[in-house]
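# Remarks on the overall topology
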Amino acid sequence: MLASRLSRRAVLAGTAAAAALTTVPLLSGRAHAAESAVTPTYRWRNAVMGGTGFVTGVLFHPSVRGLAYARTDIGGAYRWDERAANWVPLTDHLGWDDWNLLGVEAIAVDPAHPNRVYLALGTYAQSWAGNGAVLRSDDRGATWTRTDLTVKLGANEDGRGAGERLLVDPRNSDVLWLGTRHDGLLKSTDRGATWAAATGFPGSPSASGQGVTFLVAAGRTLYAGWGDGDGTSGTKNLYRTSDGTTWEAVPGQPSGTAVKVPIRAGYDRSTRELYITYANAPGPNGQSDGAVRKLCTATGVWKDVTPVKPGGTTADGSADTFGYGGVAVDARRPGTVVVSTNNRWANVDTLFRTTDGGRTWTSLKDAAVFDVSETPYLKWGADKPKFGWWIQAVAVDPYDSQHIVYGTGATLYGTRDLKNWAPQIRGIEEASARQLISPPVGEAHLISGSGDIGVMYHESLTASPSRGMASNPVFGSATGLAQAAKKPAYVVRTGWGDHGNGAHSNDGGQTWAPFKGQPDLAKNAPGPIATNADGSVLLWTFVHWDGTKYPAYRSADNGVTWPEVSSFPKGATPVADPADPTLFYAYDTDTGTLLASTDSGLSFTKRAEGLPSGDSQFKLVAAPGRSGDLWLSAKWNGLYRSTDGGATFSKAESCWASYTLGFGKAADGADYPAIYQVGSTETITAVYRSDDGAKTWVRINDDQHQWGWTGETIVGDPRVYGRVYLATNGRGIQYGEPV
């Protein structure tokens, strides 16, 4: 995405080391959920933003009108509900321990059995990530059967926008093929229940390669793209088999830099021609050359049908470099094909469409009219949206030749007349949310900060924010968001941007103005920010994308000047006391030390020591309306509380793990705010609520609503008891309410 160094796709795992603790008293309570409490029934929904992430694949079912599936790099898979006109999430049941399975490497459908669908899951193929899995369903994804693989998949790695690596064999519905990045081609003969290496496949996998980039059926022949060639005629990047046993390199295949990596393929069964898009890198970034080729499978004749060759010059003198990405064949009109450019930043990406088998092409961008009123953020702070970027997923409805959809790094666009385009994204929510505020007053009950899409003011939870992304300036990824507890009209935000990295609002986050000054560090290491209770002092800390930590900087003039606070622990997150404007806190995760300032952030001194250390994801929060009431979520080290401003801490006995914690409106008759946390009271990591100051907890999500990793932030609504907002890494912002 744009202007986003540390994107939502950053590695989730923090360091796991934990220092030995000094003796810490325990808060009273049981180490399990309250047995006497009635577990509440919650309804969970997305706070609507609309898309906000990379749609890596779209697949219309060839045999069922109105049935389609979509995959994302970190946010799971979806099924299109034609009657409701929205996408239905299919993988929300994957929980904390399965966070690596929220990335979908590939989808496969069975033309002969319309209710069957298969998913290949695995976000990262690195050594620290778990192995992949294959899910299979006989009811279009309503329920799943799972097979864990012995290999890793990489749905959020380079090449994630390539073709489908999973395929049902057209000759036998019990046979499935799965192309991997580092372990060659796998085959299953029992509908994905078990897998083994396919015999005779010529590709030689490597630990750093792309491996199989797509699998496609052309009649009864299977073709496999191979991403590890070097572009020379001595290495091959396209293989085929006609019997499922013997594989061979396709004769006559092209060579050269422009055709180094086969990205996707589409088969025209009427003309028996296979169209293949190529680039000189797997993408979605790093491509500067590419081509489109056509193979007549009946004669073996290849033809160059590239719409526009990369490498020209734009009007402003920039190099027009790009690759080719998506390809879709019109099942109703022979010779009609749509392909996409990718990584074309100078002249902006487009779709090309041909109706004569590639002899001539028309750029659909040139006549395109966009209506993004449903998701205004797509203007990205400008007057109108781009046609798109990272366009690698393209599909043509097999029942409607003018219904074309294509995925971008932020949404899924669709048209039904080849001219008028609008997001066809309803139901897909892929944001990686990082900061959440629920204001005590004002129109919006939620202000959010996310990776790639900055800050949004949610005046409605059921519609995308009408103001779009916060502008003046526009950020890519937000790194900080804070509200003055006693002056809620004052809000500040920080993040990655090309025109400033910090801004303030005097109307609760509706409009913004950039800080008039910022530390030199801010451009390359914008970190979290805090404002004291009355909004008179700001503390801004900095962590470079490579992990280097820096001290905090302080402003007492609304962001004009920023002197360094040398006593602030490097890289820590500042926390303001919600009741006393002179108090700030910081938790040094390197040493397990709580530091405090009693002079409005001018200096910090140590208080409690010997607390859990060694993990930058430990989180300190302050209870609303109280001075010195601090809570520390220290992952599997547990939950700690201080009521004396961090001088001492007691460990809560009621849970054994706490990852993130927040507060909301108190229950009727309660004298303490409702507490919400992602943590563990028994064996499962889940979302919990406590109405008695963390003495007891009730689980408020269920097994069908887990959303993978949810350890970033959680906050209750201070105006609506029971309502809670939960940040996910790829499934947007979930909010729950008691039924």
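Scroll up a little and you will see the structure.
Since the structure is predicted, the reported quantities are computational estimates derived from the model, not experimental observations.

### Brief notes about the packing of aromatic side chains
Going through the model one piece at a time under the given rule, you end up with 31 aromatic pairs. Taking the centre distance of 5.5 Å and the plane angle of 70° together, the rings of Phe201 and Tyr239 count as edge-to-face. Here the residue Phe201 occupies a position in the loop between strand S14 (196-197) and strand S15 (212-218), and Tyr239 occupies one in strand S17 (residues 238-241), the gap between them amounting to 38 residues. You can call Phe201 buried: its relative accessible area is 11%. Residue Tyr239 is classed as buried on the basis of its relative accessible area, which comes to 8%. Pairing Tyr377 with Trp380 gives two aromatic rings, centres 6.1 Å apart and planes at 55°, and the pair type is tilted. Just as Tyr377 is buried, Trp380 falls in that class too.

### What about the environment of Asp557?
Mapped onto the elements, Asp557 comes out in the loop between strand S43 (549-555) and strand S44 (564-565). For the pair Asp557 and Ser536, spaced 21 residues apart in sequence, the C-alpha separation works out to 7.3 Å. A polar atom in the side chain of Asp557 sits 2.8 Å from the side chain of Ser555. Looking at Asp557, its side chain comes within polar contact range of the side chain of Thr561, at 2.6 Å.

### Here's the deal with the pattern of salt bridges
On inspection of all chains with the given rule, the structure shows 27 salt bridges. In this structure, Arg731 engages Asp92 in a salt bridge whose closest nitrogen and oxygen atoms are separated by 2.7 Å. Of this pair, Arg731 sits in the loop between strand S58 (724-727) and strand S59 (733-738) while Asp92 sits in the loop between strand S6 (86-89) and strand S7 (104-110), placing them 639 residues apart in sequence. As a salt-bridge pair, Asp400 and Arg416 come within 3.4 Å of each other at their nearest N and O atoms.

The rules behind these values
- All chains use their own residue numbering, which begins from 1 and follows the written sequence.
- Where local features are concerned, this predicted model is filtered to residues with pLDDT of at least 70; where side-chain atom pairs are given and counted, the filter is 80 or more; whole-chain, interface and lining totals use all residues.
- Only hydrogens and water are removed before side-chain values are computed, so all heavy atoms of the structure are retained for them.
- Pairing of aromatic rings covers Phe, Tyr and the six-membered ring of Trp, with a centre-to-centre limit of 6.5 Å; geometry is then stacked below 30 degrees between planes, edge-to-face above 60, and tilted otherwise.
- Going along the chain from the N terminus, every DSSP run of H or I of four or more residues is numbered as a helix, and every run of E of two or more is numbered as a strand.
- Buried, partly exposed and exposed residues are distinguished by accessible area as a fraction of the type maximum, computed with a 1.4 Å probe on protein chains only: under 20%, between the cut-offs, and over 50%, respectively.
- Polar contacts here mean pairs of N or O atoms no more than 3.5 Å apart (in protein, one a potential hydrogen donor and the other a potential acceptor; neighbouring residues in sequence count only if both atoms are side-chain atoms).
- For this analysis, a salt bridge means a side-chain nitrogen from Lys or Arg found within 4 Å of a carboxyl oxygen belonging to Asp or Glu.

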